[in-house]
Amino acid sequence: RVTPRGEYGVPDGEHPGFPTDQHKNYDTLHLLSLCACVAALYCLNFRFQPTRGKGGTINCARAAAYAGALWAAFMGLIVTCASAPPASADEDKTGDFVVLWLFLPAWCYLAWKHNAARGRLFSYPDASPRVMRKSEDPRVR
């Protein structure tokens, strides 16, 4: 593909009608949309699917997965769109990569705990009916 944008890659601004920041604007829009969608999924999971019984582990894992996807999309937004372009092709960008992987497990753990705390409000003990009838909590009896 030679015309109208030249060789593959970011447009260099030599062609009229194709601004140099077009790709960056599209990337920003896509990553912001991804962040909004994943945040909405996390909120819906938190609000409308409280943890119950043995399904609590799966629900907390889902919340952690949504939080991890949100963190990755947010870091992609920062690295791709909010930071300055590299001065040269040889510039090392491992710092952003380290931040992504260093804080991702902690972020997922916090989401797990956040979701599990809400689940405790709605959960019932994993016990036999005989033990549940003797419980002091009226919701369990």
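In this report, the structure presented in the accompanying data block is examined. This one's a predicted model, so the numbers in the text were calculated from it and none came from an experiment. (Residues numbered from 1 in each chain as written. Predicted model: local features only at pLDDT ≥ 70, side-chain atom pairs only at ≥ 80, totals over all residues. Heavy atoms only, no water.)

A few points about the overall build of the protein chain
So, step 1. A tally of regular secondary structure across the protein chain gives four helices and zero strands.
So, step 2. Starting at the N terminus and walking to the C terminus, you meet the elements of the protein chain as α-α-α-α.
So, step 3. Buried positions account for 23% of the 141 residues belonging to the protein chain.
So, step 4. Pairs at least 24 residues apart make up 60% of the contacts formed inside the protein chain by residues separated by at least 6 positions.
So, step 5. Just so you have it, the protein chain exposes about 10,000 Å², and 65% of that area is on carbon and sulfur atoms. (Helix = DSSP H or I, 4+ residues; strand = E, 2+ residues; numbered from the N terminus. Buried < 20%, exposed > 50% of the residue type's maximum accessible area, 1.4 Å probe, protein only. Contact = heavy atoms within 4.5 Å. Areas by Shrake-Rupley, 256 points an atom, 1.4 Å probe, with all protein chains shown as cover.)

A short note on the nonpolar core
So, step 1. In this structure, Ala-64, Trp-71, Met-75, Leu-100, Leu-104 and Cys-108 together form the largest nonpolar core, which totals six residues.
So, step 2. The residues touching Met-75, leaving out its near neighbours within four places in the chain, are Asp-96, Val-99 and Leu-100. (Core = buried A, V, L, I, M, F, W, Y, C linked by side-chain atoms within 4.5 Å.)

Section: a nonpolar patch on the surface
So, step 1. Residues Val-98, Val-99, Leu-102 and Phe-103 make up a contiguous nonpolar surface patch of roughly 350 Å² in combined accessible area.
So, step 2. Residue Val-99 is classed as partly exposed on the basis of its relative accessible area of 31%. (Patch = residues over 30% accessible without salt bridge, like charges linked within 9 Å, V, L, I, M, F, W, Y side chains within 5 Å. Salt bridge = Lys/Arg side-chain N within 4 Å of Asp/Glu carboxyl O.)

A closer look at the environment of Ala-64
So, step 1. For Ala-64, the position within the fold is in helix H2 (residues 56–82).
So, step 2. Linking Ala-64 and His-114, residues 50 residues apart in sequence, is a C-alpha distance of 9.4 Å.
So, step 3. Those residues in contact with Ala-64, other than ones at most four positions away along the chain, are Cys-108, Ala-111 and Trp-112.

Some words on the packing of aromatic side chains
Aromatic ring pairs are described here by two measures, namely the spacing of the ring centres and the angle between the planes.
So, step 1. The final tally for this structure, using the stated rule, is three aromatic pairs.
So, step 2. Measuring from ring centre to ring centre gives 6.5 Å for Trp-71 and Phe-103, while their planes differ by 65°; the resulting arrangement is edge-to-face. Linking Trp-71 in helix H2 with Phe-103 in helix H3 (residues 94–122), this pair joins segments that are 32 residues apart in sequence.
So, step 3. For Phe-103, a relative accessible area of 41% corresponds to the partly exposed category.
So, step 4. One cation-aromatic arrangement involves Arg-118 over Phe-46; the distance from NZ or CZ to the ring centre is 5.3 Å. (Phe/Tyr/Trp six-rings, centres within 6.5 Å; stacked < 30°, edge-to-face > 60°. Lys NZ or Arg CZ within 6 Å of the ring centre and 35° of its normal.)

Observations regarding the environment of Val-38
So, step 1. By the secondary structure assignment, Val-38 is in helix H1 (residues 22–48).
So, step 2. Val-38 sits in the buried class, given a relative accessible area of 9%.
So, step 3. For the pair Val-38 and Ala-67, spaced 29 residues apart in sequence, the C-alpha to C-alpha distance is 7.7 Å.
So, step 4. Discounting residues that sit within four places of it in the chain, Val-38 has contacts with Tyr-66, Ala-69 and Leu-70.

Everything listed is a geometric property; what it means functionally is a separate question.
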